Amino acid sequence: RRVRDAWGGYMDAGDWDRRIQHLDATRLLLELAELFPDYFAPLSLDIPESGGDLSDIVDEALFNLDCYRRMQLPTGGIRGGIESEEHPRLGEASWQESLTVMAYAPDVWSTYLYAGVAARAAALLRARFPALAKEYEESALRAMAWAEKGMASRKGDPHPVGDARNLAAAELFRLTGDAKWGRLFFDATVFKDPQAAGAVWQKHDQRHAAWVYSRTPGADPK
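What counts and what doesn't
- Residues numbered from 1 in each chain as written.
- Predicted model: local features only at pLDDT ≥ 70, side-chain atom pairs only at ≥ 80, totals over all residues.
- Heavy atoms only, no water.
- Helix = DSSP H or I, 4+ residues; strand = E, 2+ residues; numbered from the N terminus.
- Buried < 20%, exposed > 50% of the residue type's maximum accessible area, 1.4 Å probe, protein only.
- Contact = heavy atoms within 4.5 Å.
- Salt bridge = Lys/Arg side-chain N within 4 Å of Asp/Glu carboxyl O.
- Axes fitted to C-alpha atoms, helices over the stretch in contact; angles between N-to-C directions.
- Parallel < 35°, antiparallel > 145°, perpendicular 65-115°, else oblique.
- Left-handed = near helix turned anticlockwise from the far one by under 90°.
- Nonpolar A, V, L, I, M, F, W, Y, C, P; charged D, E, K, R; others polar.

K.L.:
Tell me about the environment of leucine 62, and please be specific about residues and values.
P.N.:
Positionally, leucine 62 belongs in helix 3 (residues 56–70). Under the relative-accessibility criterion, leucine 62 is labelled buried at 5%. Separated by 10 residues in sequence, leucine 62 and glycine 52 have C-alpha atoms that sit 13 Å apart. The contacts of leucine 62, once residues within four sequence positions are left out, are Leu54, Ala121, Leu125 and Tyr136.

Structure below.
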């Protein structure tokens, strides 16, 4: 069946795939906008949206995030991307795509990744654009609810699933102040052990989550 509004997003590696991993770039762009507003707010990137209400760096970040938001299922699940049936035909640019393009089914890992980044967008936007921030918050909460429901029956997932869950919980706790997200962060964090490393190859990578939690008002400083 047709997946409507499956457009936008970031591509990489010379093909036209849009993958949920590319939300890493969105997360970092939003972080730059938050940490250094005096520099990035007036910075023009000479993009079609330049001169609008949002800063260009935030517009760029949301262009990627909105690809997944448009494809969000009514129940909250997030599709992990869009992929052509083959590598591009020789000489075809992305806007000339003639191959069949397909969207992934939703999955818990993609949905957790999206929930965290959508929550970050909402946190950044709410001071100046509260209505837009509410849209991202509502979308993030629906995504998190869908992922948590699916997670209840799963066992033995690779560590990126748990790491994405931990990061999403930290972002939602920072956004909403709801204690249940703080508890979920604690339940899933490796930092219950004060000697734990932020990342251990093939075991966990919770550095982003620790950074988010450390900057959350009301967080436990221990």
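Picking up after the structure, the text goes on.
K.L.:
How would you sum up the pattern of salt bridges? Please name residues and give values.
P.N.:
Within the structure shown, the criterion is met by 14 salt bridges. Arginine 120 is the partner of glutamate 31 in a salt bridge, and the nearest nitrogen-oxygen pair spans 2.9 Å. Taken together, the residues span a long stretch of sequence, with glutamate 31 in helix 1 (residues 23–35) and arginine 120 in helix 4 (residues 108–125) at a distance of 89 residues. The same class applies to glutamate 31 and to arginine 120, which are both buried. Measuring nitrogen to oxygen at the nearest pair gives 4.0 Å for the salt bridge that ties lysine 134 to glutamate 137. Taken together, the residues span about one helical turn, with lysine 134 and glutamate 137 both in helix 5 (residues 130–151) at a distance of 3 residues. The exposure class assigned to glutamate 137 is buried, which follows from its relative accessible area of 18%.

K.L.:
If you had to explain the packing of helix 4 against helix 6 (residues 159–176) to someone new, which residues and values would you point to?
P.N.:
The contact between helix 4 and helix 6 brings their axes to 8 Å, and the two run at 25°. Comparing the axis directions of helix 4 and helix 6 gives the class roughly parallel. Helix 4 and helix 6 meet at a crossing whose hand is left-handed. Across the interface between the two elements, Val108, Trp109, Tyr112, Leu113, Ala115, Gly116, Ala119, Arg120, Ala122 and Ala123 from helix 4 touch Pro160, Val161, Ala164, Arg165, Ala168, Glu171, Leu172 and Leu175 from helix 6. Within the contact of helix 4 with helix 6, the residues separate by chemical class into 14 nonpolar, 1 polar and 3 charged.

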